[in-house]
Amino acid sequence: YEQVLHVSSSVPGNHTSLHENCGFSAPAKVRRRRQDRLLLDATTGTMAETSVSGNSEEHRTTVIGAKAVEARNLSNTSQISDEIRSFLDGSDGNGASLGLRSEARTFFTILIFITTIPAPSWVDLHPGFLMRGMSYFPVVGSFLGLMYSIVFDFCCHSLGLPCDISGCMMIVFGLYITACFHEDGLADSADGVGGGWSKSQVLKIMTDSRVGTFGCAALSVFLLVKVLLLSALGEDASRAIIVSQTVARLSAPYLIRTKDYVPEVGPKSNFYRFMVEAKHLVSWSRVLFGSSYCFGVATALYDPLSAAFLVVSVLLLATYTGRRGDYLLGGVMGDYLGGTICMCEILVLLVLVSKDSIAENLLGTIKVEFSGLYDIKSVRSLLHFVALSFALSMWGKCVAGPDIYDRELK
């Protein structure tokens, strides 16, 4: 792992393109392998083969030009803008100009980023294609949802397992195929937001590989609620799985476009400077494409009204988490996006489980006079919940002391 971070400036020539080195040996953990491949691509995109003195074993090290890392520092935003501009017009040699092959590479970049499924040899984790491919998050989500639904149907219908056990088996398969990618972000975000008292503390905790109490609690609740919701959906859970995996991932391109990307901290922080202007790569047209795709998938499996409600609900939740991210972190980052996707997934499943009862209660409410609304149990429970939320909010504003969270604005 340390060899990947090693910067070699004394290796003469003999550089080999990343496209010709797709089979290089990676560390054991899938997540670290993914990050290391991104790290290698975030540099000049060249590698060299060197030999360890006194040892016949060969290893590859990244070759970085002089002051290449410093050029991506936040204090030099013009260099970043020039780099992104050259990437977009294709003048940097990466073939990023609009075209079928470029879009295919963008899609496969997202596929290998959030799953362990291999891609063609001409695809690597270039950060530009990664950021621009955020609009393909829902598309890859549909692909994952289709696989998950097949596993669920197999366990439920072919093996005759109960729906809750089938849901557990499906979740295990999902954790394996994605290497706990979004779940890792949920745990790290819960630990950072729950345990940090300042921005620097939150970022430091989120980059710690250890999982704390908040992370364990968040993961436990997430997995438990997910199993219960799948069990409540019963044998008809397959389409809900596809829709939830698709629509929940719409939050990623939306937040990347509307919020600032917080520079990563840690040993690889300088290699992520390319992403601080990621909103220039995730255009509004790409966000619109992701939204339209989510609406189309949900409409095909349910109905237009349900699809519109799901898309709007996810965007509202993403807006709220984005505002919290602005307050706590000054923007969003990878782990925070993963945690948001997990929350949106639960939201979509909750809406699909309760949509029939919500529609029934709404239609029943329309048929009665306004004076008799409070006599309806569902309406009365809703009013009590709203009143409780409002009372707690007002109590906190009127009684609580000043905010102790240090935003470190200076």
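Residues numbered from 1 in each chain as written. Predicted model: local features only at pLDDT ≥ 70, side-chain atom pairs only at ≥ 80, totals over all residues. Heavy atoms only, no water.

**A closer look at the pattern of salt bridges**
Evaluated as defined, the whole model comprises six salt bridges. Of the charged contacts, one joins Glu103 and Arg286 as a salt bridge, the two residues approaching to 2.7 Å between their closest N and O atoms. Taken together, the positions of Glu103 in helix α4 (residues 100-114) and Arg286 in helix α13 (residues 284-301) put the pair 183 residues apart, joining distant regions of the chain. The salt bridge partner of Arg105 is Asp124, with a shortest N-O separation of 2.9 Å. In this pair, Arg105 sits in helix α4 while Asp124 sits in the loop between α4 and α5 (127-132), placing the two residues 19 residues apart along the sequence. Owing to a relative accessible area of 7%, Arg105 belongs among the buried residues under this scheme. Judged by its relative accessible area of 7%, Asp124 falls in the buried class. (Salt bridge = Lys/Arg side-chain N within 4 Å of Asp/Glu carboxyl O. Helix = DSSP H or I, 4+ residues; strand = E, 2+ residues; numbered from the N terminus. Buried < 20%, exposed > 50% of the residue type's maximum accessible area, 1.4 Å probe, protein only.)

**Quick look at the packing of aromatic side chains**
Two numbers describe a pair of aromatic rings. These are the distance of the centres and the angle of the planes. In the structure shown here, the tally under the stated rule is seven aromatic pairs. Aromatic pair Phe107 and Phe108: ring centres 5.5 Å apart, planes at 65°, arrangement edge-to-face. The class for Phe107 is partly exposed, based on a relative accessible area of 22%. Ring geometry for Tyr148 versus Phe173: centroids 6.1 Å apart, planes at 90°, classification edge-to-face. Taken together, the positions of Tyr148 in helix α6 (residues 137-158) and Phe173 in helix α7 (residues 163-178) put the pair 25 residues apart, joining distant regions of the chain. Judged by relative accessible area, which is 4%, Tyr148 ranks as buried. What links up through ring pairs into an aromatic cluster is the set Phe107, Phe108, Trp122, Tyr136, Phe289 and Tyr293. The side chain of Arg101 reaches across the aromatic face of Trp122, ending 4.4 Å from its centre. (Phe/Tyr/Trp six-rings, centres within 6.5 Å; stacked < 30°, edge-to-face > 60°. Lys NZ or Arg CZ within 6 Å of the ring centre and 35° of its normal.)

**Structural notes on α4**
When the terminal C-alpha atoms of α4 are compared, their 22 Å separation across 15 residues agrees well with the 21 Å that a helix rising 1.5 Å per residue should span. Ser102, Glu103, Arg105, Thr106, Thr109, Ile110, Leu111, Ile112, Phe113 and Ile114 are the residues of α4 that are buried. (Expected span 1.5 Å × (residues − 1).)

**Some points on the packing of helix α10 (residues 213-233) against helix α11 (residues 237-247)**
For the pair α10 and α11, interaxial distance at closest approach is 9 Å and the crossing angle is 140°. Relative to α11, the element α10 is oriented oblique. Like other packed secondary-structure pairs, α10 and α11 cross with a definite hand, here right-handed. Contacts between α10 and α11 involve Lys226, Leu230 and Leu233 from the first element and Ala237, Ala240, Ile241 and Gln245 from the second. Tallied by class, the residues present in the contact of α10 with α11 amount to five nonpolar, one polar and one charged. (Axes fitted to C-alpha atoms, helices over the stretch in contact; angles between N-to-C directions. Parallel < 35°, antiparallel > 145°, perpendicular 65-115°, else oblique. Left-handed = near helix turned anticlockwise from the far one by under 90°. Contact = heavy atoms within 4.5 Å. Nonpolar A, V, L, I, M, F, W, Y, C, P; charged D, E, K, R; others polar.)

**Some thoughts on the confidence of the model for the protein chain**
Confidence in the prediction of the protein chain, expressed as mean pLDDT, is 76, and 65% of residues score 70 or more. pLDDT under 50 marks residues 37-80. Its contacts with residues more than four places away, or in other chains, come to 103 contacts. (pLDDT = per-residue confidence, 0-100.)

**Re the nonpolar core**
Soluble globular proteins: nonpolar side chains tend toward being buried together. Counting 73 residues, the largest nonpolar core has Phe137, Val243 and Leu329 as the members making the most contacts within it. Among the elements that make up this core, the one with the highest residue count is helix α15 (residues 334-366) (10 residues). Discounting residues that sit within four places of it in the chain, Val243 has contacts with Ala248, Ala298, Leu301, Tyr302, Leu310, Val348 and Leu352. (Core = buried A, V, L, I, M, F, W, Y, C linked by side-chain atoms within 4.5 Å.)

**Remarks on a nonpolar patch on the surface**
A cluster of nonpolar residues, Leu382, Phe385 and Val386, forms a patch on the protein surface that exposes about 320 Å² of accessible area. Locating Val386 in the fold gives a position in helix α16 (residues 377-399). Classification of Val386 by relative accessible area gives partly exposed; the value is 47%. (Patch = residues over 30% accessible without salt bridge, like charges linked within 9 Å, V, L, I, M, F, W, Y side chains within 5 Å. Areas by Shrake-Rupley, 256 points an atom, 1.4 Å probe, with all protein chains shown as cover.)

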